[in-house]
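So you can see what is in the structure, the chains are spelled out below.
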Amino acid sequence: MDAALEQDIRQYADSDIYYPKRYKIRPRVYFIVIKTEAASMEDFKNKKALRTPSDNGEKPLVAPVLARLNEKREGWYEGIVDFKRVLLIPGTGKFEYRDTHFVARCKAVSGMDCYNRIIDNLRQRVDPRSQFPSPKGKNFQFEYLGAF
């Protein structure tokens, strides 16, 4: 343990961060520091000292993407999906995955509804081995265009 590691662990202990911190010792060997308010190891294992947002007056922790995705706003949406499409290579007769950018406008109730409509449409038109992204990831974006 050197002075830089000690300083980093002290800063972690003094901060409001509660996610585990991992330090690499050597290949495939890590030292993990976990901050908790549990009084004992038994309480920690039984999850009795979970830190919840209401304990310290914070807002509930909801990912902004999920909040926007499920927000109910009826109207027109433009959805953009980047996915891996299976295509036949005519010269060899073999198949390959190709990155495909797909943009569609549709009537939907929410961003999630827009995603579902686009994916249902694509599943009917492309090879079933194609791989579609999660609606929560960076390969799906949507924009609310306005009411009907």
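Here, the structure is the one placed above.
Structural notes, computed from the coordinates. Bear in mind the structure is a predicted one, so any value in this text is a computation, not a measurement.

Now for the packing of aromatic side chains. Throughout the structure, instances matching the rule amount to 6 aromatic pairs. Ring centres of Tyr77 and Phe142 lie 6.0 Å apart, and the angle between their planes is 50°; this geometry places the pair in the tilted category. With Tyr77 in strand S3 (residues 75-89) and Phe142 in strand S5 (residues 140-146), this pair connects stretches of sequence that are 65 residues apart. Just as Tyr77 is buried, Phe142 falls in that class too. Grouping aromatic residues by their ring pairs yields a cluster made of Tyr77, Tyr115, Phe140, Phe142 and Tyr144. Arg22 extends its terminal NZ or CZ atom over the ring of Tyr30, reaching a point 4.2 Å from the ring centre.

This part is about the pairing of strand S4 (residues 94-108). Bridge count between S3 and S4: 15 bridges; the pairing is antiparallel. Note on S4: the bridge partner recorded for Trp76 is Lys107. Between S3 and S4, which pair antiparallel and follow one another directly, the connecting turn spans 4 residues, one of which, Gly93, has a positive phi of 80°.

Criteria and thresholds
Residues numbered from 1 in each chain as written. Predicted model: local features only at pLDDT ≥ 70, side-chain atom pairs only at ≥ 80, totals over all residues. Heavy atoms only, no water. Phe/Tyr/Trp six-rings, centres within 6.5 Å; stacked < 30°, edge-to-face > 60°. Helix = DSSP H or I, 4+ residues; strand = E, 2+ residues; numbered from the N terminus. Buried < 20%, exposed > 50% of the residue type's maximum accessible area, 1.4 Å probe, protein only. Lys NZ or Arg CZ within 6 Å of the ring centre and 35° of its normal. Pairing = 2+ DSSP bridges.

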